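So the chains spell out like this:
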Amino acid sequence: MTVPLIQPTRKGLYCAAGDFHIDPWQPVPRALITHAHADHARSGHDQYWAARSGLGLLRRRLGKKAVIHGLEYGETLRFGPVTVSLHPAGHVLGSAQVRLEHEDEVWVASGDYKRDIDPTCAPFEPILCDTFITEATFALPVYRWPVVRDVARDIHQWWQKNASTNRTTVLFCYALGKAQRLLAELPLGRPGPIYLHGAIAPLTDDYRAAGIELPPTQPVSQAPADEDFSSSLVIAPPSAAGSTWMRRFRKPATGFASGWMRIRGNRRRRGYDRGFVISDHVDWPDLLKTITETGAKQVLTTHGRADELVRYLIEQGLSARPLATLYGDQDDDDGEVH
Amino acid sequence: MQRFAQLFQILDEQRGTNAKVIAMAEYFQSIQPKDGAWAVYFLSGRRLKRLIGPVQLRQWLADISDLPIWLIEESHEHVGDLAETIALVLDRKGGQATIDQRGLATWVEEDILTLREMDEEQRRERVVSAWQRLDAPSRFLYTKLLTGALRVGVSQTLVERALARASGQPQAVIAHRLMGQWQADTAFYQGLFDERSGQEDASRPYPFFLANPLENPPEQTLGAIDDWQLEWKWDGIRAQVVRRERAVYLWSRGEALIGEQFPDILAAAQSLPVDTVLDGEILAWSDQVMPFSALQRRLGRKRVSQKLMDEVPARLMVYDVLERNGQDVREQPMSTRRRYLEACLVNADPRLMPSALIAAPTWQALSEWREQSRERGVEGIMLKANRSTYATGRPRGAWWKWKIDPLTLDVVLLYAQPGHGRRANLYTDYSFAVRDGDNLVPIAKAYSGLTDVEIRKLDHWIRRHTRERFGPVRSVEPEQIFELAFEGITSSPRHKSGLALRFPRIARWRKDLGSNDVDTLEQAKALLS
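**Quick word on the overall build of chain A**
Right, on to step 1. From N to C terminus, chain A includes seven helices and 19 strands.
Right, on to step 2. Radius of gyration (C-alpha) of chain A: 20 Å, near the 20 Å computed for a compact globule of 338 residues.
Right, on to step 3. Along the first, second and third principal axes, the C-alpha atoms of chain A reach 65 × 45 × 30 Å.
Right, on to step 4. Out of the 338 residues in chain A, the part that is buried amounts to 51%.
Right, on to step 5. Intrachain contacts of chain A at a sequence separation of at least 6 include 59% that bridge at least 24 residues.

Okay, structure coming up:
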C-alpha cells in the first residue's frame with residue numbers, strides 16, 4: 001500500500017484516488033457529508049453528497065444555494081476508480097457511514113455513530129471492511145449506556161413530579177438529534193404540553209417532514225398568553241441555560257441529557273437538578289463490538305479518546321492509529337464538557 | 001444497602017435543602033435502627049478507617065474486568081473518583097444484579113469491618129464478590145465506604161434537622177446527642193429518638209455556641225452597653241471540659257478528644273465539682289498569654305512531655321458554664337451563668353481562670369479598650385447579651401466578636417496547584433472556599449502564610465486526599481480549614497463568589513476546626529463596607 005485511501009489533510013479527510021473529501025472543514029470542490037452536525041457539515045464546498053433522508057436538515061444548515069446530491073443508503077456512485085456508497089450510522093436522521101472501494105481494498109469512514117435503537121433514524125449497519133475509521137468520543141470503559149427506555153421513563157417520572165408541584169420541567173439537550181430522539185422516546189400519558197426552544201423547533205419540523213413521527217409540540221414563542229408552563233416540558237439547547245430566555249419559567253426544574261452525565265462530577269459541576277445519560281455516540285462495549293463486526297484489520301480513530309483507544313486496540317493485536325481531525329469541537333455534538 | 005443507596009441518590013440529585021431534609025427524615029423513620037445508626041454515622045461526615053488502598057482496588061478491577069491496568073488508571077483519572085470508576089466499569093446493561101436485601105449495618109459490620117482480620121487474598125475475594133453482586137449505585141456506595149470517604153453533600157445541621165423531624169425531638173437535643181464519639185448501634189439510634197433527656201452519654205460535649213463577627217460599630221446596633229457582658233476575645237483553642245465523677249473529658253470544637261495533649265488541664269479540672277461542664281479557651285500561658293504558635297507545639301501529638309508542659313504551660317480561660325451539678329443550665333441567661341461560673345471557680349485550680357470582664361461604661365470607652373487588643377495578645381472583644389441563653393450554632397444577635405483588623409474568614413481548602421521555581425512539584429498555590437448553603441464557593445487564592453514545614457505537610461495531605469484532577473490542579477476533600485487574613489473586601493462580578501479579597505494570606509492553619517466551621521458566603525458578604 002503506497003498512499004492510504006483516506007488521509008488527513010489540512011482541509012479534512014481526503015481520498016486522493018477519488019479526489020473528494022469527507023466532512024472537510026475547509027472549502028473543497030467535492031464533499032461527502034456523514035451528517036448535519038455543524039462540525040461535520042460546513043458551508044462553502046462546491047458540491048455535497050449526503051444521505052437523502054437527511055437532506056432537509058442539511059439544506060437548513062447549508063442554505064438554499066448549496067449544491068447537494070442525495071443518495072439512498074446502499075446506492076453506489078463512482079468517483080474515478082473509487083466506488084462510494086452510504087450506509088446508516090444510527091447517529092441522527094440521515095447520518096451515514098461512507099464506504100469506499102478501490103481495487104481490492106474497502107474502507108469505511110463511520111462518522112459519528114451508535115448502536116442503540118433510535119426511532120428517529122435508520123439503525124447502524126456493520127459493513128465488512130479492511131480499514132475502519134471510528135469515533136472515540138466515549139472510548140473509555142466507564143461509558144456504558146443504560147437502556148434508553150429506562151432513561152426515558154426516568155425523565156417522564158421527573159416531569160410528572162415537577163408538574164405535580166407546579167414547576168416547569170426544562171430539559172437541555174443538543175438541538176439536532178437528541179431533542180427529537182427524546183421526543184420520540186417519551187412514554188405516553190404526558191402530564192402537560194411540550195414546548196420547544198427556537199433553536200429546536202425548526203429542526204423538529206424537518207424530522208416530521210422526513211416522515212418521523214413525533215408527539216405534538218409548540219415553539220415557546222407561540223405559547224398562549226396565559227400559559228404558565230407549570231405542567232410543561234420545555235426542551236432547549238444547553239446554551240439557553242442561565243440566559244434571560246429562562247426567566248419566563250417560574251421555579252424551573254432543570255435537567256441535561258447527554259452521555260457526559262454518566263459521570264457524577266459532570267452532573268454536579270454543571271449545576272442542573274438532574275442529569276440523564278443518553279447519547280447518540282457509541283459506548284465502550286458497542287465500540288469494541290462494532291470493530292469486531294467490521295472485520296477490519298486496521299482501525300483509525302477520531303474524536304475524544306482516540307489515543308487510549310489506539311493503545312488498547314494495538315494491545316488486542318489490531319493495527320490502529322489516531323487520525324487528526326477537528327470533529328467534536330462543536331457544542332451541538334456532545335462536545336467535551338468541563 | 002438498597003435503601004441507603006436510594007437515599008444517597010436523592011441527596012445527590014436534590015439541590016434544595018428542604019427536599020433533602022424530608023428525604024432523610026422519611027428514611028430515618030422507616031429504617032431499622034441498626035441501619036439508621038450507620039446512616040447517621042456516615043451522613044454526619046464520620047468515616048471508617050481506610051481498609052484498602054487505591055492501588056489494590058484498581059488492580060482487582062483490572063483483573064475482573066479483563067482490562068489493562070493503564071486503562072483503569074486513565075478511566076480513574078477521567079472520572080476523578082475510584083469508587084465511581086469501579087461502579088461504572090462493572091456496570092452491565094440489562095444484567096440486573098440480584099437485589100441485595102441486607103441492610104447497611106450488616107454490610108458495614110459483616111462485610112467491611114471484618115476485612116481487618118483478613119489476609120490480602122481473602123479481602124480480594126470478599127470485595128470482588130460484593131462488586132459483582134451489587135447494582136451500580138450500591139457498588140459505588142459500598143466502595144466509598146471501603147475507601148473511607150463518603151461525601152454526601154449534606155451538612156451536619158441538615159442531618160440534625162432531619163432527625164429532629166423524624167423523632168419529634170428539638171434539634172438542639174439531637175445536636176447534643178450527635179456530639180462526641182459514639183458507637184453506631186441500635187441503642188445509640190433509639191437514644192436519638194428517646195423522649196427522656198438525662199439519658200445522655202456522660203462524656204458527651206454540648207454543641208458549641210458561636211459568635212458572629214460584629215460588622216457595624218456597636219453604638220449603632222447594640223443598644224445600651226449595660227445589656228452586654230464584655231470580655232476579651234482570646235486566641236487559643238476553643239474547648240469544652242466535661243467533669244464527671246470518674247473521668248474528665250476535654251473536647252475541641254472539632255469534636256475530638258484532646259485531653260492527651262493537655263494533661264495539665266485535665267488535672268486542673270479534677271478540682272471542679274462533679275458533673276460540671278465548662279466552655280472556654282485553651283491558651284499557652286506563662287504569667288501572661290503566649291502566642292498561638294507556642295500553643296501549636298502542644299497540638300497533634302500523642303504524648304506531651306513534662307519538658308514541653310514546662311515550656312508551654314496550658315490554661316483554660318473559662319467563658320461559660322453549661323452544666324452545673326448535673327443540671328443543663330444553657331437556658332439560663334448569661335448573667336446567671338456568669339454567677340455560676342464565678343462560684344464554681346472559687347476553689348478551683350488556678351489553671352482554670354475565669355475570663356475577665358471588661359468594665360466599660362460607654363461604647364467609646366470600650367472602643368478604647370479594643371485598641372489595646374494587640375498589646376494584650378487578644379484578637380478583640382466579645383460581646384454577649386446579658387439575657388442570652390447558650391444556644392446551638394451561630395444564631396445572629398446574641399453573641400458578637402469584635403475583632404481587630406485585619407479581616408479574617410475561616411475558609412476551607414478546595415483546590416491546590418503546584419508552585420513554580422523553589423516551590424515546583426509542591427502544592428503551594430491554594431484556592432479557598434466559604435460555605436453557601438450546602439455548596440462551597442471559591443473565594444480567594446493565597447500563596448503565602450504557611451511555613452515550609454507546613455507547606456510540606458499540606459502537600460503530603462493534598463496528594464493523599466485528591467478528589468479530582470484538572471490538568472495540574474487538584475481538588476481536595478474539603479477538610480482543611482485555614483484562617484485567611486485580608487485587608488479589604490469588595491464586590492466583584494468576575495468572581496464566582498461575587499467578592500474579591502485584597503491581599504489574602506493564610507493567617508493560620510486551623511487544625512482544630514472541622515469542615516462545619518467554615519464561614520459562610522453571607523458572612524463574607526457582610527464584611528463588605
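**Thoughts on the overall build of chain B**
Right, on to step 1. Along chain B, the regular secondary structure elements total 21 helices and 20 strands.
Right, on to step 2. Here the C-alpha atoms of chain B give a radius of gyration of 25 Å, agreeing with the 24 Å that 2.2 N^0.38 yields for 529 residues.
Right, on to step 3. With the principal axes as the frame, chain B shows a C-alpha extent of 75 × 60 × 50 Å.
Right, on to step 4. Put simply, chain B has 529 residues, and 38% of those count as buried.
Right, on to step 5. Considering only contacts in chain B between residues 6 or more positions apart, those separated by 24 or more positions represent 70%.

**A short note on the pairing of strand E12 (residues 407-418) of chain B**
Consecutive side chains of a regular strand alternate in pointing toward one face of the sheet and then the other.
Residues and elements named next belong to chain B.
Right, on to step 1. Two strands pair when backbone bridges link them, and E12 and strand E17 (residues 481-486) are joined in this way by six bridges, in the antiparallel orientation. Across the sheet, the residue bridging to Asp410 is Glu483, located in E17.
Right, on to step 2. Sheet topology places E12 next to strand E16 (residues 473-476); two bridges connect them, and they run antiparallel. When the bridges of E16 are listed, Ala416 appears paired with Arg474.

**Observations concerning the environment of Val299(A)**
Right, on to step 1. Inspection of the secondary structure puts Val299(A) in strand E18 (residues 298-302).
Right, on to step 2. Contacts of Val299(A), omitting those with residues within four sequence positions, involve Phe132(A), Thr134(A), Ile291(A), Leu313(A), Leu318(A) and Ala320(A).

**A word on the interface of chain B and chain A**
Right, on to step 1. Facing 20 residues of chain B, the contacting portion of chain A comprises 15 residues.
Right, on to step 2. Those elements giving two or more residues to the side of chain B that touches chain A turn out to be helix H5 (69-79) and helix H6 (82-89) of chain B.
Right, on to step 3. The element that contributes the greatest number of residues to the side of chain B that touches chain A is H5(B), accounting for five residues.
Right, on to step 4. In terms of residue class, the side of chain B that touches chain A is built from six nonpolar, six polar and eight charged.

**Quick look at the environment of Pro252(A)**
Residue and element names in this part refer to chain A.
Right, on to step 1. Note that Pro252 resides in the loop between strand E15 (233-236) and strand E16 (253-257).
Right, on to step 2. On the basis of neighbour counts, which here come to 20 C-beta atoms within 10 Å, the residue Pro252 falls in the buried class.
Right, on to step 3. Distance in space between the C-alpha atoms of Pro252 and His303 is 34 Å, their sequence separation being 51 residues.
Right, on to step 4. When neighbours within four sequence positions are excluded, Pro252 is seen to be in contact with Arg167, Thr168, Val170 and Met246.

**A closer look at the domain arrangement of chain B**
Residues and elements named next belong to chain B.
Right, on to step 1. As far as domains go, chain B holds domain 1 (2-147), domain 2 (212-392) and domain 3 (407-526).
Right, on to step 2. Between domain 2 and domain 3, the C-alpha centre-to-centre distance is 28 Å.
Right, on to step 3. The partner domain 3 presents eight residues to the nine residues of domain 2 that form the contact.
Right, on to step 4. Residue classes in the side of domain 2 that touches domain 3 are distributed as four nonpolar, three polar and two charged.

**Let's talk about the environment of Val378(B)**
All names here are of chain B.
Right, on to step 1. Tracing the chain through its elements places Val378 in the loop between helix H19 (373-376) and strand E10 (380-385).
Right, on to step 2. A sequence separation of 377 residues divides Val378 from Met1, and the C-alpha atoms of the two residues are 50 Å apart.
Right, on to step 3. Leave out the neighbours within four places in its chain, and Val378 touches Trp232, Lys233, Trp234, Asp235 and Ser373.

**Side note on the confidence of the model for chain B**
Right, on to step 1. Taken residue by residue, chain B gives an average pLDDT of 89. The fraction at 70 or more is 96%.
Right, on to step 2. Scoring the predicted complex yields pTM 0.73 and, for the interface, ipTM 0.92.

**Side note on the sheet that holds strand E17 (residues 274-276) of chain A**
Residues and elements named next belong to chain A.
Right, on to step 1. Here we have six strands laid out as an open sheet, ordered E14-E13-E15-E12-E16-E17, and parallel in their pairing. Every interior strand has two partners, whereas the edge strands, strand E14 (218-219) and E17, have only one.
Right, on to step 2. Across three bridges, E16 lies against E17 in parallel orientation. Following the sheet pairing, Phe256 is matched in E17 by Gly275.

**Examining the nonpolar core**
Soluble, globular proteins show a tendency: their nonpolar side chains are buried together.
Right, on to step 1. Within the largest apolar cluster, 204 residues are counted, with the highest numbers of intra-cluster contacts made by Ile6(A) and Ile235(A).
Right, on to step 2. Ignoring any residue separated from it by four or fewer positions in sequence, one finds Ile6(A) in contact with Leu13(A), Tyr14(A), Cys15(A), Ile22(A), Leu100(A), Trp107(A), Ala109(A) and Ile133(A).
Right, on to step 3. In terms of nonpolar packing, the next biggest core, distinct from the first, is built from 29 residues, Ala416(B), Leu484(B), Val518(B) and Ala524(B) among them.

**Details of the domain arrangement of chain A**
Frequently, the measure chosen for interface size is the accessible area that the parts lose on association.
Right, on to step 1. Splitting chain A by domain gives domain 1 (7-143 + 280-333) and domain 2 (148-276).
Right, on to step 2. Here the side of domain 1 of chain A that touches domain 2 of chain A is built from residues that sort into eight nonpolar, six polar and seven charged.

**Some words on helix H7 (residues 104-112) of chain B**
Since the α-helix turns once every 3.6 residues, residues separated by three or four places project in the same direction.
Right, on to step 1. Looking only at H7(B), the buried set comprises Leu104(B), Ala105(B), Trp107(B) and Val108(B).
Right, on to step 2. Packed against the buried residues of H7(B) are helix H1 (2-13), helix H3 (33-43) and helix H9 (136-147) of chain B.

**Looking at the pairing of strand E10 (residues 105-109) of chain A**
All names here are of chain A.
Right, on to step 1. Among the five residues of E10, four are classified as buried, and the element is accordingly described as predominantly covered.
Right, on to step 2. Taking the residues between adjacent antiparallel strands as the criterion, strand E9 (residues 96-102) and E10 are bridged by two residues, where Glu103 takes a positive phi near 50 degrees.
Right, on to step 3. Relative to strand E11 (residues 131-135), E10 is paired through three bridges, and the arrangement is parallel. Opposite Trp107, over in E11, you have Thr131 as the bridge partner.

**Some details on helix H7 (residues 306-315) of chain A**
Right, on to step 1. Considered for burial, the residues of H7(A) that qualify are Ala306(A), Glu308(A), Leu309(A), Val310(A), Tyr312(A) and Leu313(A).
Right, on to step 2. Each element contacted by the buried residues of H7(A) is listed here: E18 and strand E19 (319-322) of chain A together with H5 of chain B.
Right, on to step 3. One or two steps after H7(A), the chain reaches Gly317(A), where phi turns positive at roughly 95 degrees.

**Section: the sheet that holds strand E3 (residues 20-22) of chain A**
All names here are of chain A.
Right, on to step 1. Taken in spatial order, the six strands of this open sheet run E1-E2-E3-E4-E5-E6, and their pairing is mixed. Single-partner strands in this sheet number two, and they are strand E1 (7-9) and strand E6 (68-71). When strand polarity is set aside, the average angle formed by the axes of neighbouring strands in this sheet is 35 degrees.
Right, on to step 2. Note that E3 and strand E4 (residues 30-32) share two bridges and pair parallel. In the strand pairing of E4, His21 is matched with Ala31.

**What about the packing of H1(B) against helix H2 (residues 17-30) of chain B?**
Residue and element names in this part refer to chain B.
Right, on to step 1. As a packed pair, H1 and H2 sit with axes 9 Å apart at the nearest point and diverge in direction by 170 degrees. If you check the angle between H1 and H2, you find them roughly antiparallel. Here H1 contributes Arg3, Leu7, Ile10 and Leu11 to the contact with H2, which in turn contributes Lys20, Ala23, Met24 and Tyr27.
Right, on to step 2. Counted by class, the contact of H1 with H2 contains six nonpolar, no polar and two charged residues.

**A few points about the confidence of the model for chain A**
Atomic detail in the predicted coordinates should be set aside for any region of low pLDDT.
Right, on to step 1. With 95% of its residues at a pLDDT of 70 or more, chain A shows a mean pLDDT of 92.
Right, on to step 2. Note that pLDDT drops below 50 for residues 329-338 of chain A; the model gives that stretch 28 contacts with residues more than four away or on any other chain.

**Observations regarding the packing of H5(B) against H6(B)**
All names here are of chain B.
Right, on to step 1. Look at H5 against H6: their axes get within 9 Å of each other, and the N-to-C directions meet at 120 degrees. Crossing of H5 over H6 shows right-handed handedness. Contacts between H5 and H6 pair Ser75, His76 and Val79 from the former with Leu82, Glu84, Thr85, Leu88 and Val89 from the latter.

What counts and how
Residues numbered from 1 in each chain as written. Chains lettered and ligands numbered in written order. Predicted model: local features only at pLDDT ≥ 70, side-chain atom pairs only at ≥ 80, totals over all residues. Helix = DSSP H or I, 4+ residues; strand = E, 2+ residues; numbered from the N terminus. Rg over C-alpha atoms; globule rule 2.2 N^0.38 Å. Buried ≥ 20, exposed ≤ 12 C-beta atoms within 10 Å, placed from the backbone. Contact = placed C-beta atoms within 7 Å. Pairing = 2+ DSSP bridges. Nonpolar A, V, L, I, M, F, W, Y, C, P; charged D, E, K, R; others polar. Domains from an automatic or database assignment. pLDDT = per-residue confidence, 0-100. Core = buried A, V, L, I, M, F, W, Y, C linked by C-beta atoms within 7 Å. Axes fitted to C-alpha atoms, helices over the stretch in contact; angles between N-to-C directions. Parallel < 35°, antiparallel > 145°, perpendicular 65-115°, else oblique. Left-handed = near helix turned anticlockwise from the far one by under 90°.

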